[in-house]
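# Summary of the model geometry
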There are 2 protein chains.
Amino acid sequence: MTETAPRPTLEAVAARAGVSRATVSRVVNGGDGVRKPLVERVRRAVEELGYVPNQAARSLVTKRNDAVAVVIAEPETRVFADPFFALQLRGISKELTAHDSQLVLLLTEGRADHARVGRYLAGGHVDGALVFSLHLQDPLPQLVQRAGVPTVFGGRPGWDDGTGGAVYVDSDNRGGAREAVRHLVGLGRRRIAHITGALDQTSAVDRLDGFRDVMGDADPRLIAEGDFTPAGGERAMRRLLEGCPDLDAVFAANDLTAAGALRVLRALGRRVPDDVAVIGFDDMLPVAEHTDPPLTTVRQDIEGMGRLMARLLLRGLDQGTGAPDPGGSSVAEDGPSSVVLPTTLVRRASA
Amino acid sequence: MTETAPRPTLEAVAARAGVSRATVSRVVNGGDGVRKPLVERVRRAVEELGYVPNQAARSLVTKRNDAVAVVIAEPETRVFADPFFALQLRGISKELTAHDSQLVLLLTEGRADHARVGRYLAGGHVDGALVFSLHLQDPLPQLVQRAGVPTVFGGRPGWDDGTGGAVYVDSDNRGGAREAVRHLVGLGRRRIAHITGALDQTSAVDRLDGFRDVMGDADPRLIAEGDFTPAGGERAMRRLLEGCPDLDAVFAANDLTAAGALRVLRALGRRVPDDVAVIGFDDMLPVAEHTDPPLTTVRQDIEGMGRLMARLLLRGLDQGTGAPDPGGSSVAEDGPSSVVLPTTLVRRASA
DNA sequence: GTGAAAGCGCTAACAG
DNA sequence: CTGTTAGCGCTTTCAC
């Protein structure tokens, strides 16, 4: 078979172009300081031989691998239920591609895999890591820090000690939640309920906090715990209705949850938004646009978050200071710091 | 900052254990042919120093990189609309992990990226590739073949010439469709319609063929083209109803499409399944379980497909024949061949 | 069984 | 500007 068709090496190109390996290397890597005609000759040789640099050999000497790990904790199952994950990845991919960096995907499912990820990261296979682990008390963040790899987190890591400097990119969950609730208030709603997300995730906690910012110490019966899934939304909605039959609005921690709530509301004969106004979070198009009625929701730029994460990481790497590594205490040109992206309220029919 | 904390090398371990690099290497790679006590000494040294082999150096000599590329053609946007993609990846990831292989994700968005992918694959950075490109006339398959990398396709590549030997893993789309339609027939339905998927994808074509296998040359008005999205399903459903107000069943190319159809049906006052029975395809849980009524559908084992793809590829690689490479014409120990996984009908309330 | 030595393909000083 | 010279860290014959 075509098997190991021995690919041409620098040496081969050099021979063909009648120059030294060093010159070829220079040309291949940008070609500064090499005279035009030579550059041309080399280029042609490269072309003719179909030469492609051997990344392993290159990494060996440069100590760079032009690769970034994306670590996604599986318990993040939600990630498999909505396109969140895919969008985020798309953003990351675009940015990395533009930077000629490769995306190494690490999916984990529990302790066993943590060790593996730790080893991999510590193994110097990648220049940096993008880590999604928005669970409180997730061991991953610490693990990553210990690996000593420049890292940017997706979502505020739910974890304080030692993480002080962790660089992360997050949506303004709290602010977005506030805006949603204020909108409800502005609509004249008074009995506003909240269905939380999975409270072991910072985003859920932040949205709950935003809700409280506006509502103060609301009737506890107006808050029901969900888990970011439609089923969770249904259950929570039922509970809320039992506890407070007179509620006139609900702010759900995400669109999926809102979709579940909507179903229950309809099944129970409540009109939306007439009887009960509903707002979601995410603006997951396939969901938000197709609920009945279409969902008013808080949009976050998911792909943009991914993109930004990658950008922050790469910038740090380029500064060569390894700055994004929280362990560092760079003073002068300290690396990127966390970014919280704004959200926007998207009005549709449900509120 | 913690920067390039110079990681220990084989040399260091050797020194510490009082042996030669060769011995350490042997131990690290399985430790056959090294006496027990020495193995122990080396193991300890590795432990104490926190030694992790440098993959670049290793690849340089072994010509293996313990990495597999997963190429996903972005037009595959559907992939971002349902968890298909994520599930598939999960399966792949599990298998690769078990095999100590890394997953390099390559997302493409059109021509420009094709070149990049081609270069990457041809660059020998990975041992093999898993390619998702189920579009007819997609240039990707040929491109991959040219790169000469062992490859397994996800879904039957819609592409004949030259591809003869392409190894792929697919669901029995046609068979599954047949079963669905037969079920409808068994229910006594006579005016059975079909909403197709995006017909530039083999899965959509195969499901349509399955439909025809049972229905023969049905009234063309009973077939409407969709695109695997809920919106497409809605549009198609409206068209069908206009052309054949008396239809009593519809087989949708996937669950998302069915969900759209369901919405239109309800909006128009048709009861499901009483007036119109509906069957989907995929058994995408978050969708199928939560439509109203819950969707009867054809299940395919998506995660299993991903897993199998990886397994086939790895097996081929291990055989060292590079067998999965379609270009090869290995005769004796020829590599894995394509696999079509069975589907099962899952009965819920819609049909 | 174990060690010594020879590279894998490339980049990065350092001369010229 | 261009060529020469060292290795990067590891595996792998080949002797001992």
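Residues numbered from 1 in each chain as written. Chains lettered and ligands numbered in written order. Predicted model: local features only at pLDDT ≥ 70, side-chain atom pairs only at ≥ 80, totals over all residues. Heavy atoms only, no water.

### Remarks on the overall build of chain A
Secondary structure assignment for chain A yields 14 helices and twelve strands. Dimensions of chain A, computed from C-alpha atoms along their principal axes, come out at roughly 85 × 40 × 40 Å. Sorting the 351 residues of chain A into buried and exposed places 56% on the buried side. Of the roughly 14,200 Å² that chain A leaves accessible, carbon and sulfur atoms contribute 50%. (Helix = DSSP H or I, 4+ residues; strand = E, 2+ residues; numbered from the N terminus. Buried < 20%, exposed > 50% of the residue type's maximum accessible area, 1.4 Å probe, protein only. Areas by Shrake-Rupley, 256 points an atom, 1.4 Å probe, with all protein chains shown as cover.)

### Quick look at the nonpolar core
With 50 residues, the main nonpolar core has V70, L105 and L130 of chain A together with V70, L105 and L130 of chain B as its most contacted residues. Among all residues touching L130 of chain A, those that are not within four sequence positions of it are V68, A69, V70, V71, I92, V152, M309, A310 and L313 of chain A. Counting 38 residues, the second largest nonpolar core, distinct from the first, contains A67 and Y168 of chain A together with V149 and Y168 of chain B. (Core = buried A, V, L, I, M, F, W, Y, C linked by side-chain atoms within 4.5 Å. Contact = heavy atoms within 4.5 Å.)

### Structural notes on the sheet that holds strand 4 (residues 151-154) of chain A
Spatially, 11(A)-5(A)-4(A)-3(A)-1(A)-2(A)-2(B)-1(B)-3(B)-4(B)-5(B)-11(B) is the arrangement adopted by the twelve strands of the open sheet, whose pairing is mixed. The sheet is open, and its two borders are formed by strand 11 (339-341) of chain A together with strand 11 (339-341) of chain B, each paired with just one other strand. Pairwise comparison of adjacent strand axes, ignoring direction, gives a mean angle of 20 degrees for this sheet. Pairing analysis gives seven bridges linking strand 1 (residues 67-73) of chain A to strand 2 (residues 102-108) of chain A, with the strands arranged parallel. Within the sheet, the bridge partner assigned to A69 of chain A lies in strand 2 of chain A and is V104 of chain A. Each of strand 1, strand 2 and strand 3 (128-132) of chain A together with strand 2 (102-108) of chain B touches helix 6 (residues 84-98) of chain A; the most contacted strand, strand 2 of chain A, lies at about 150 degrees to it. (Pairing = 2+ DSSP bridges. Axes fitted to C-alpha atoms, helices over the stretch in contact; angles between N-to-C directions.)

### Overview of helix 11 (residues 230-243) of chain B
Owing to its 3.6 residues per turn, the α-helix brings residues three or four apart onto one side. All names here are of chain B. The terminal C-alpha atoms of helix 11 lie 20 Å apart, and with 14 residues this matches the ideal 20 Å at 1.5 Å per residue to within 8%. Every buried residue of helix 11 is listed here: P230, G232, G233, E234, A236, M237, L240 and L241. In the core, the buried residues of helix 11 are packed alongside strand 6 (192-195), strand 7 (223-224), strand 8 (249-252) and helix 12 (255-267). (Expected span 1.5 Å × (residues − 1).)

### Things to note about the protein's contact with DNA strand C
Among the 28 residues in the neighbourhood of DNA strand C, the closest are listed as L10, R21 and Y51 of chain A together with T23 and R26 of chain B. By atom count, sugar and phosphate contribute 65% of the portion of DNA strand C lying within 4 Å of the protein. Broken down by secondary-structure element, the contributors of at least two residues to the surface near DNA strand C are helix 2 (21-28) and helix 4 (55-62) of chain A together with helix 2 (21-28) and helix 4 (55-62) of chain B. With five residues, helix 4 of chain A is the largest single contributor of residues to the surface near DNA strand C. (Near = heavy atom within 4 Å.)

### Thoughts on the packing of aromatic side chains
Scanning the model with the defined rule gives three aromatic pairs over all chains in all. Arranged with centres 6.3 Å apart and planes meeting at 25 degrees, the rings of F85 of chain A and F85 of chain B form a pair that is stacked. Here F85 of chain A is found in helix 6, whereas its partner F85 of chain B is found in helix 6 (residues 84-98) on a different chain. Across the pair, F85 of chain B and F85 of chain A agree in class, each one buried. Where F251 of chain B meets F281 of chain B, the ring centres are 6.3 Å apart and the plane angle is 50 degrees; that geometry is what we call tilted. With F251 of chain B in strand 8 and F281 of chain B in strand 9 (residues 277-282), this pair connects stretches of sequence that are 30 residues apart. Looking at R207 of chain A, its charged tip hangs above the ring of F281 of chain A, at a distance of 3.8 Å from the centre. (Phe/Tyr/Trp six-rings, centres within 6.5 Å; stacked < 30°, edge-to-face > 60°. Lys NZ or Arg CZ within 6 Å of the ring centre and 35° of its normal.)

### Side note on the protein's contact with DNA strand D
Looking at DNA strand D, there are 28 residues lining it, with T23 and R26 of chain A together with L10, R21 and Y51 of chain B nearest. What you see for DNA strand D is that sugar and phosphate hold 60% of its atoms within 4 Å of the protein. The separation between a phosphate oxygen of DNA strand D and a polar side-chain atom of S25 of chain B is 2.8 Å. Separating a phosphate oxygen of DNA strand D from a side-chain N or O atom of Y51 of chain B is a distance of 2.3 Å. (Polar contact = N/O pair within 3.5 Å; in protein donor to acceptor, adjacent residues only side chain to side chain.)

### Focus on unusual backbone geometry
For the bond from V272 of chain A to P273 of chain A, the omega torsion is 5 degrees, close enough to zero to count as cis. In this model, F228 of chain B sits at a positive phi of 75 degrees, which is unusual for a non-glycine residue. Topologically, F228 of chain B is positioned in the loop between strand 7 and helix 11. One non-glycine residue, D282 of chain B, lies in the positive phi region at around 120 degrees. Note that D282 of chain B resides in strand 9.

### So, the side chain of T296 of chain B
All names here are of chain B. In this structure, T296 sits in strand 10 (residues 296-299). A residue is classified by how much of its surface remains accessible, and T296, at 0% relative accessible area, is buried. At a separation of 2.9 Å, a polar atom in the side chain of T296 contacts the main-chain amide nitrogen of R348. Once residues within four sequence positions are removed from consideration, T296 is found in contact with V278, I279, G280, L345, V346, R347, R348, A349, S350 and A351.

### A word on helix 8 (residues 140-147) of chain A
Residue and element names in this part refer to chain A. Those residues of helix 8 lying buried are L140, P141, L143, V144 and A147. Buried positions in helix 8, seen along its axis, are confined to an arc of 160 degrees and lie on one side of it. Its buried side turned inward, helix 8 meets strand 1, helix 7 (111-122), strand 3 and strand 4. In the stretch just after helix 8, G148 is the one whose phi turns positive, near 70 degrees. (Arc of directions from axis to C-beta.)

### Describing the sheet that holds strand 12 (residues 344-346) of chain A
Residues and elements named next belong to chain A. Strand order in the open sheet made by the six strands is 7-6-8-9-10-12, with mixed pairing throughout. Each of the sheet's edge strands pairs with one partner strand only, and the pair in question is strand 7 (223-224) and strand 12. As judged from the four bridges shared by strand 6 (residues 192-195) and strand 8 (residues 249-252), these two strands associate in the parallel manner. When the sheet's bridge partners are listed, A193 is paired in strand 8 with V250. Strands in contact with helix 10 (residues 202-215) are strand 6, strand 7, strand 8 and strand 9 (277-282); relative to strand 6, the strand with the most contacts, it is inclined by about 165 degrees.

### Quick word on the side chain of S171 of chain A
Relative to the helices and strands, S171 of chain A is located in strand 5 (residues 168-171). A distance of 2.5 Å separates a polar atom in the side chain of S171 of chain A from a polar atom in the side chain of Q300 of chain A.

### Observations regarding the pattern of salt bridges
Throughout the structure, instances matching the rule amount to 50 salt bridges over all chains. Note that D127 of chain A and R64 of chain A form a salt bridge whose closest N and O atoms lie 3.5 Å from each other. With D127 of chain A in the loop between helix 7 and strand 3 and R64 of chain A in the loop between helix 4 and strand 1, this pair connects stretches of sequence that are 63 residues apart. A single salt-bridge network, built from bridges that share partners, covers R90, K94, E95, E303, R307 and R311 of chain A together with E109 of chain B. (Salt bridge = Lys/Arg side-chain N within 4 Å of Asp/Glu carboxyl O.)

### Section: the pairing of strand 4 (residues 151-154) of chain B
Residue and element names in this part refer to chain B. Residue alternation in strand 4 divides its side chains into two sets, T151 and F153 and V152 and G154, and both sets are buried. Two strands pair when backbone bridges link them, and strand 3 (residues 128-132) and strand 4 are joined in this way by four bridges, in the parallel orientation. Along strand 4, the bridge assignment pairs L130 with V152. As for the winding sense of the linkage, the β-α-β connection from strand 3 through helix 8 (residues 140-147) to strand 4 is right-handed. Both strand 4 and strand 5 (residues 168-171) contribute to a ladder of two bridges, which runs parallel. Bridge pairing links G154 to V169 in strand 5. (Right-handed = clockwise from strand over helix to strand, strands pointing away.)

None of this, on its own, says anything about what the molecule does.
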